[in-house]
Amino acid sequence: MLVLGIETSCDETAASVVEDGRRMLSNVVSSQIDIHRKYGGVVPELASRKHLETINFVIEQALSQAGYSFKELDGIAVTNGPGLVASLLIGLANAKAIAYAFELPLIGVNHIEGHIFSNFLKHPENKFKTEKLLPPFIALVVSGGHSDLVFVEDYGKYELLGRTRDDAVGESFDKVAKLLHLGYPGGPIIDEISRKGNAEAIKFPLAHMKDDSLDFSFSGLKTAVVNFVKNHKLPTEPQSIADIAASFQRAAIKALVENTFCAIEEKRTKKLVLGGGVASNSHLRNIFKNRAEKNGIELYYPPLALCTDNAVMIGCVGYYKMDYSVDRPFKSLEAEANLELESWN
Ligand code: KG4
Ligand code: ZN
């Protein structure tokens, strides 16, 4: 079964052809980072206009790289939220037009689900155990817009265990990088310079709630970094900048690890999957690997190219939703900025 995935929820215009849910035949991503860099963040109007200019070309490329035509497809999957509405609408309008013209089923996909399912692409089958990555598992989705801890009981059966009460973790990386004049997007830069820094240099507060919920809070940590810089003045020596970056990164990631392993204990599962742009962070991967090994947990994360936004993960969810005959209301499918992660009916 061939599904064309389309993703335009933020600043990446992406299309992909996915075969039988887990085989990626093409992965075309047109990034707008260069456009938004000078503003230090995504400008929604510019994002939407760029998606409109690029989308047809990106879709054509995805089909031609996969070696298929519209007529050979079995379905179209498109992100319909959460995200920037004006950006989501470009992908959705295109997907609807293609579905209508070629009489194909149209499947709306939640972007967070996409990040979770991106793990299936790396594990079409597990060489060592002859079995696929299968639910149930705990998923931690960490990106520029989300920090969600989800129990995935089965395909399309979700329980949200924790989320951020304010900023997303990737957003806090981007804001701290801006504060330290490091550039945009901040995550990969902080990751890089933190390698030279002393993560114990400054004791920043951990980014989780003090109650017994599994929620996160990254704005307090960000404010602590702002106050530190205010009180000590922005250092000029690269070593001091690296120490601030590394100390911030440690505090952000420690909270993610602690809450995630509490969730694992609570749900008594032995599998953990990571997803989203921040899942490419090298410190995060190391810490999770060590902790998983110690606790006998199977740890999965997507290849780097599938951590950040892409359409392969959208095609993957589309396949499973078709396979499970999830409702496909063509006309009522709308772009929703705050679309919640909901179980399939
Ligand atoms: O998943 P994604 O491409 O888009 C959203 O759905 O938001 O994630 C982008 C976010 C940005 O905030 C970026 O700074 C962060 O992921 N990011 C990283 C790293 N690579 C990307 N954060 C920390 N370390 C990284 N290596
Ligand atoms: Zn994303």
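Preceding this section is the structure that the text describes.
Because the structure is predicted, anything quoted here is derived from the model rather than measured.

**Focus on the coordination of the zinc ion (ligand 2)**
- Donor atoms from the polypeptide that bind the zinc ion (ligand 2) are H111 (NE2), H115 (NE2) and D309 (OD), placed at 2.0 to 2.1 Å.
- One way to put it: the four donor atoms around the zinc ion (ligand 2) meet at angles of 96 to 137°, and that makes the site irregular.
- For the zinc ion (ligand 2), all donor residues lie on one chain, and their spacing in sequence is H-x3-H-x193-D. Residue H111 is found in helix α4 (residues 111–122), and its partner D309 is found in the loop between α10 (304–307) and α11 (312–323); the two are separated by 198 residues along the sequence. Take H111 and D309: they sit in the same class, and that class is buried.

**Here we look at the pattern of salt bridges**
- For the structure on display, the rule yields 16 salt bridges.
- One salt bridge connects D20 with R23, and the closest N-O pair in it is separated by 3.4 Å.
- You can call D20 partly exposed: its relative accessible area is 32%.
- Residue E340 is joined to R163 by a salt bridge in which the shortest nitrogen-to-oxygen separation is 3.6 Å. Of this pair, E340 sits in the segment after α11 while R163 sits in strand β9 (residues 157–163), placing them 177 residues apart in sequence.
- Overall, the relative accessible area of 40% leaves E340 in the partly exposed class.
- Linked through salt bridges whose partners overlap, the residues forming this network are D167, E171, K175 and K222.

**As for the side chain of N119**
- Here N119 is to be found in helix α4.
- For N119, a relative accessible area of 0% gives the class buried.
- From its side chain, N119 meets the backbone oxygen of I116 in a polar contact 3.2 Å long.
- Among the polar contacts made by the side chain of N119, one reaches the main-chain amide nitrogen of Y301 at a distance of 3.4 Å.
- Contact partners of N119, with chain neighbours within four places excluded, come to L133, V273, L274, Y300, Y301 and P302.

Rules and cut-offs
- Residues numbered from 1 in each chain as written.
- Chains lettered and ligands numbered in written order.
- Predicted model: local features only at pLDDT ≥ 70, side-chain atom pairs only at ≥ 80, totals over all residues.
- Heavy atoms only, no water.
- Donors = N, O, S within 2.8 Å, 3.2 Å for Na, K, Ca; no water.
- Tetrahedral: all angles 85-135°; square planar, octahedral: opposite > 155°, others 65-115°.
- Helix = DSSP H or I, 4+ residues; strand = E, 2+ residues; numbered from the N terminus.
- Buried < 20%, exposed > 50% of the residue type's maximum accessible area, 1.4 Å probe, protein only.
- Salt bridge = Lys/Arg side-chain N within 4 Å of Asp/Glu carboxyl O.
- Polar contact = N/O pair within 3.5 Å; in protein donor to acceptor, adjacent residues only side chain to side chain.
- Contact = heavy atoms within 4.5 Å.

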